[in-house]
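# Descriptive structure summary
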Amino acid sequence: MKIGIIGGTGGMGKGFALRWSQNNDVIIGSRDAVRAAESAVEYTNLAKEAFGEIKGTISGNDNLTVARNSDVLILAIPYENIDSVCSGILPEVKNSCVVVSPIVPMTKTDVGFECVSIKENKPFSYKLVLNHMKDKSKLVSAFHVISEKKLVNPTLELDYDIFVCGDDNESVQIVNGLINEIKGLRPINLGPIELSYLAEMSTPLLLNAMIKNKIKNPGIKII
Ligand SMILES: NC(=O)c1ccc[n+]([C@@H]2O[C@H](COP(=O)([O-])OP(=O)(O)OC[C@H]3O[C@@H](n4cnc5c(N)ncnc54)[C@H](OP(=O)(O)O)[C@@H]3O)[C@@H](O)[C@H]2O)c1
């Protein structure tokens, strides 16, 4: 499977690439194809160091080329840039492409981490992304509550749940499969994409709990 990561030069992109390159071909996307290629070389070396030989590959290209060539496309970009990035790339994806949004509408204020959609009455991430989707049923929302620091550290034992929202069962199953490929993560289905706001709000909740209570490596797990 070809997994494209838009904004793959950032922290989440690095974590996903390290994990999924064990079994898949990962393509790092960037506004700058050279930066993407450099990150791909760096991540390949890190993945081989961490896991020995990898079955997949990591390559890099500009965001549009990545979008056109991916079976699954991860939007690892900041909330503020959803419209500017997605308007150019999402109309160009393959009809079968599953688009995954881990995007959190979050800001840090005097009181702690807050959800900008509530604080500033702005749309949740999934609503902004949906505006640019050819086939809205192909959007799956996931990975809001796993931090890049955990994904990039192969020696850290993971034991966390990942909330998943989506309308198309086949697309959700594909994302569940990618979650299961990361040892210690478990997909937890929340329901249709309209409920994505619940997952998006859980990130500031988790971060405030972590900081106020000095909890190392917190995560969410339903027991
Ligand atoms: N970090 C976490 O632990 C974490 C956890 C859960 C969810 N998330 C969510 O995952 C998403 C990615 O997080 P991240 O920490 O990886 O983000 P990031 O490092 O801040 O940014 C990711 C990439 O987005 C691109 N980008 C930055 N500014 C841009 C702009 N103005 N226009 C277009 N592209 C721009 C950059 O790639 P190029 O410069 O190469 O184009 C950058 O490397 C965010 O929405 C975040 O809320 C993050």
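Each remark here, short or long, concerns the structure printed above.
As the structure is a computational prediction, the values presented were derived from the model and not from experiment. Per-chain numbering applies: the sequence of each chain, read as written, is numbered from 1 onward. Only residues with pLDDT of at least 70 get local features here, since the model is predicted, and only at 80 or more are side-chain atom pairs given and counted; chain-wide, interface and lining totals rely on the full set of residues.

## Quick notes on the packing of helix H1 (residues 11-20) against helix H2 (residues 33-51)
- Where H1 contacts H2, the axes come no closer than 9 Å and their chain directions differ by 50°. By the angle class used here, H1 and H2 are oblique. As for how H1 packs across H2, the hand of that crossing is right-handed. Contacts between H1 and H2 pair Lys 14, Ala 17 and Leu 18 from the former with Tyr 43, Leu 46, Ala 47 and Ala 50 from the latter.
- For the contact of H1 with H2, the residue count by class is six nonpolar, no polar and one charged. Simply put, an axis is a line fit to the C-alpha atoms, just over the touching stretch for a helix, and the angle between two N-to-C directions goes from 0 to 180 degrees. To qualify as a helix, a DSSP run of H or I must reach at least 4 residues; to qualify as a strand, a run of E must reach at least 2; elements of each kind are numbered from the N terminus. We call two directions roughly parallel when the angle between them is under 35 degrees, roughly antiparallel when it is over 145, roughly perpendicular when it lies between 65 and 115, and oblique otherwise. With the far helix as reference, a near helix turned anticlockwise by less than a right angle produces a left-handed crossing, and one turned clockwise produces a right-handed crossing. Placing a C-beta atom from the backbone of each residue, one calls two residues in contact when those atoms lie within 7 Å. Throughout, the ten residues Ala, Val, Leu, Ile, Met, Phe, Trp, Tyr, Cys and Pro are labelled nonpolar, Asp, Glu, Lys and Arg are labelled charged, and all others, Gly among them, are labelled polar.

## Focus: the pairing of strand E1 (residues 2-6)
- Burial analysis of E1 places four of its five residues in the buried class, the great majority of the element.
- We call two strands paired when DSSP finds no fewer than two bridges between them. Where E1 meets strand E2 (residues 25-30), four bridges bridge the pair, whose relative direction is parallel. The residue bridging Ile 3 from the neighbouring strand is Val 26, located in E2.
- On the question of chirality, the crossover connecting E1 to the parallel E2 by way of H1 is right-handed.
- Judged from the four bridges that link them, E1 and strand E4 (residues 72-75) form a sheet pairing that is parallel. Counted as the bridge partner of Ile 6 is Leu 75 from E4. Counting other C-beta atoms within 10 Å of a residue's own tells you its class, since 20 or more makes it buried, 12 or fewer makes it exposed, and anything in between is partly exposed; those C-beta atoms are placed from the backbone. If the strands point away from the viewer and the path from the first strand over the helix to the second runs clockwise, then the crossover is right-handed.

## Structural notes on the site of the ligand
- Taken together, the neighbourhood of the ligand is formed by 25 residues, with Gly 7, Gly 10, Met 12, Ser 30 and Val 104 sitting nearest.
- Residue assignment for the shell around the ligand shows that the elements contributing at least two residues are H1 and helix H4 (82-89).
- Considered class by class, the residues forming the shell around the ligand number ten nonpolar, eleven polar and four charged. Using the backbone to place each C-beta atom, any residue with that atom within 6 Å of a molecule or strand is considered near it.

## Some thoughts on the sheet that holds E4
- Taken in spatial order, the eight strands make up an open sheet running E3-E2-E1-E4-E5-E8-E9-E10, and their pairing is mixed. Two strands close off the open sheet at either side, each with one partner strand: strand E3 (57-62) and strand E10 (185-191). Between one strand and the next, the sheet's axes are offset by a mean angle of 25°, whatever the strand orientation.
- Taken strand by strand, H2 contacts E2 and E3, and its axis lies near 170° from that of E3.

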